[in-house]
Amino acid sequence: MSRAPRAESARRLWGEDDSATPILHVDMDAFFASVELLEHPELVGRPVIVGGRDGRGVVSAASYEARAYGVSSAMPMNEAMRRCPQAVVLPVRHGVYSSVSQQVMGILGEVTPLLERVSVDEAFLDVSGARRRMGSPVTIGHWIRRQVRERVGVPASVGIASTKFVAKLASAHAKPDGLLLIPAQATQDFLNVLPVGALWGVGEKSAQALARWGITDVRQLAATDVRRLERILGPAAARHLHDLSHGVDPRPVTPQREEKSVGTESTFFDTITDREHARRVLLDQAHQCAARLRAGGLRGRVVVLKARGADFVTVTRSRTLGVPTDLARDIFAVVESLFNALPTPGGGFRLLGVRVEGLARADDGVQLLLDDDPRRGAPERAADAVRERWGSAALAPASLLSRPREPDQPDRPAH
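Keep in mind the model is a prediction, meaning the values are calculated, not measured.

> Just checking my understanding: could you explain the overall build of the protein for this structure?
Of the regular secondary structure elements, the protein holds 15 helices and 12 strands. Every one of the 415 residues in the protein was classed for burial, and the buried ones make up 50%. Relative to all contacts within the protein whose residues are 6 or more apart in sequence, the contacts with residues 24 or more apart total 69%. A total of about 19500 Å² of accessible surface is found on the protein, and carbon and sulfur atoms cover 50% of it.

> How should the packing of helix α1 (residues 31-39) against helix α4 (residues 94-109) be read in this particular structure?
Contact geometry of α1 with α4 gives a least axis separation of 10 Å together with a crossing angle of 95°. Considered as vectors, α1 and α4 are oriented roughly perpendicular to each other. Contacts between α1 and α4 involve F31, F32, V35 and E36 on the former and, on the latter, H94, V96, Y97, V100 and S101. For the contact of α1 with α4, the residue count by class is 6 nonpolar, 2 polar and 1 charged.

> Would you take a moment to explain the pattern of salt bridges for this structure?
A side chain with one charge may pair with a side chain of the opposite charge, provided their charged atoms come close. Across all of its chains, the model carries 18 salt bridges by this definition. A salt bridge links K168 to E122; the nearest nitrogen and oxygen atoms lie 2.8 Å apart. Taken together, the residues span a long stretch of sequence, with K168 in helix α7 (residues 164-174) and E122 in strand β6 (residues 122-126) at a distance of 46 residues. Owing to a relative accessible area of 13%, K168 belongs among the buried residues under this scheme. Of the residues examined, E122 reaches a relative accessible area of 8% and is grouped as buried. Here D249 ties to R251 by a salt bridge, and the two come within 2.7 Å at their closest N and O atoms.

> Just checking my understanding: could you explain the environment of R151 for this structure?
Within the fold, R151 resides in helix α6 (residues 137-151). When the C-alpha positions of R151 and I107 are compared, they lie 8.9 Å apart, and in sequence the two are 44 residues distant. Sequence-distant contacts of R151, defined by excluding residues within four places in its chain, comprise Q103, I107, E110 and W143.

> How do you make sense of the sheet that holds strand β3 (residues 59-62) when you look at a structure like this?
Working definition: the strands of a sheet are paired by backbone hydrogen bonds and lie parallel or antiparallel to each other. Read across the open sheet, the 3 strands follow the order β3-β2-β4; overall the sheet is mixed. On the outer flanks of this sheet lie β3 and β4 (88-90), each paired with one strand and no other. Direction aside, the axes of adjacent strands within the sheet are offset by 25° on average.

> What exactly am I supposed to notice about helix α13 (residues 275-295) here?
For an α-helix, the turn length of 3.6 residues means that residues three or four places apart are oriented alike. Between its terminal C-alpha atoms α13 stretches 30 Å, which fits the 30 Å expected from 21 residues at 1.5 Å a residue. Residue D274 occupies the N-cap position of α13, its side-chain oxygen lying 2.9 Å from the main-chain nitrogen of E276. In the segment just after α13, G297 is the residue with positive phi, at about 65°.

Calculation notes
Residues numbered from 1 in each chain as written. Predicted model: local features only at pLDDT ≥ 70, side-chain atom pairs only at ≥ 80, totals over all residues. Heavy atoms only, no water. Helix = DSSP H or I, 4+ residues; strand = E, 2+ residues; numbered from the N terminus. Buried < 20%, exposed > 50% of the residue type's maximum accessible area, 1.4 Å probe, protein only. Contact = heavy atoms within 4.5 Å. Areas by Shrake-Rupley, 256 points an atom, 1.4 Å probe, with all protein chains shown as cover. Axes fitted to C-alpha atoms, helices over the stretch in contact; angles between N-to-C directions. Parallel < 35°, antiparallel > 145°, perpendicular 65-115°, else oblique. Nonpolar A, V, L, I, M, F, W, Y, C, P; charged D, E, K, R; others polar. Salt bridge = Lys/Arg side-chain N within 4 Å of Asp/Glu carboxyl O. Pairing = 2+ DSSP bridges. Expected span 1.5 Å × (residues − 1). Polar contact = N/O pair within 3.5 Å; in protein donor to acceptor, adjacent residues only side chain to side chain.

This is how it looks when you write it as structure tokens:
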């Protein structure tokens with residue numbers, strides 16, 4: 001779900017011509033929290049955080065009531081609880097969210113095969129070929145929202161535009177539980193009223209750098225010469241943002257092929273400069289990947305670390321294991337080694353991710369190393385059983401436990 005800044009002045013109606021807007025972005029509203037509220041209707045209207053209890057780990061999701069206090073995904077849980085101590089904290093249940101996600105994606109698949117699943121809670125659709133069968137993009141958008149609500153029980157927001165980037169911005173402005181059309185001819189007018197932070201890749205530091213040059217909204221950015229932007233942000237970021245400020249995004253909707261990897265990643269609108277914070281995010285991601293591998297009866301041989309800096313440069317590092325694994329201890333050992341060799345980019349990390357590739361069924365024949373102990377995965381598998389019965393907060397890696405703050409130490413700012 002997008003957490004980019006929105007413009008309160010942005011209109012809710014930009015026109016009704018959807019003839020040149022075949023791209024839909026469907027984004028589930030506070031998805032993990034919305035799924036939990038299906039089983040806990042008594043918590044509707046209260047701040048809810050999905051994540052580790054007792055300050056463990058990082059925030060996986062937060063309801064809109066919790067976000068009003070500054071809580072956001074990937075934030076350390078102890079920081080989230082400092083900001084919103086009255087929040088109700090519920091444990092993460094990836095299996096449940098995956099099941100609900102499959103139901104939602106099944107509904108979207110009824111519309112068109114041109115479906116690009118971005119994450120567990122969002123997807124792009126190109127509905128060009130569905131118009132004759134289902135109607136205009138706006139008609140299709142209303143149908144999707146209605147079907148998801150009636151069949152699954154959770155809210156979905158839909159953005160409709162001529163490009164993927166603008167459709168994603170539209171869905172963010174449609175929230176919560178709404179639909180927003182940006183006609184092709186209104187694209188620039190819509191972008192012009194947005195703060196620069198609404199553009200993909202503009203975090204706090206980039207926004208501050210632009211503000212020093214008097215650039216605070218997209219209208220000003222779009223009117224700025226690319227060469228000046230290069231002096232402010234660097235060549236790659238300048239070209240990227242200049243294109244986005246004019247609504248230029250040539251990427252097509254790309255349907256996913258058969259899954260060949262298991263991974264998770266987090267994008268931070270406030271970059272992370274604290275390496276220990278980054279390490280904890282990666283550790284949590286390694287455990288998520290391992291749990292998904294075991295739940296799917298899979299093992300992977302290639303471990304990949306993905307990192308993107310404030311300068312928009314994305315770096316991937318990978319290492320191939322001697323034998324496939326489904327254990328977080330193996331995955332994180334590689335990730336930590338790769339991360340230690342990776343310098344912190346100027347301005348910090350904008351994105352971090354862990355992925356496991358080279359998948360094989362866990363019951364396929366695998367030759368063990370001579371000194372490998374087949375019982376070494378028993379603790380994690382036992383932990384799976386405990387979490388299945390008692391919830392994901394029942395057990396957690398010691399490294400994800402919050403550290404008590406010394407009484408005389410000031411609060412640490414969030415990154």
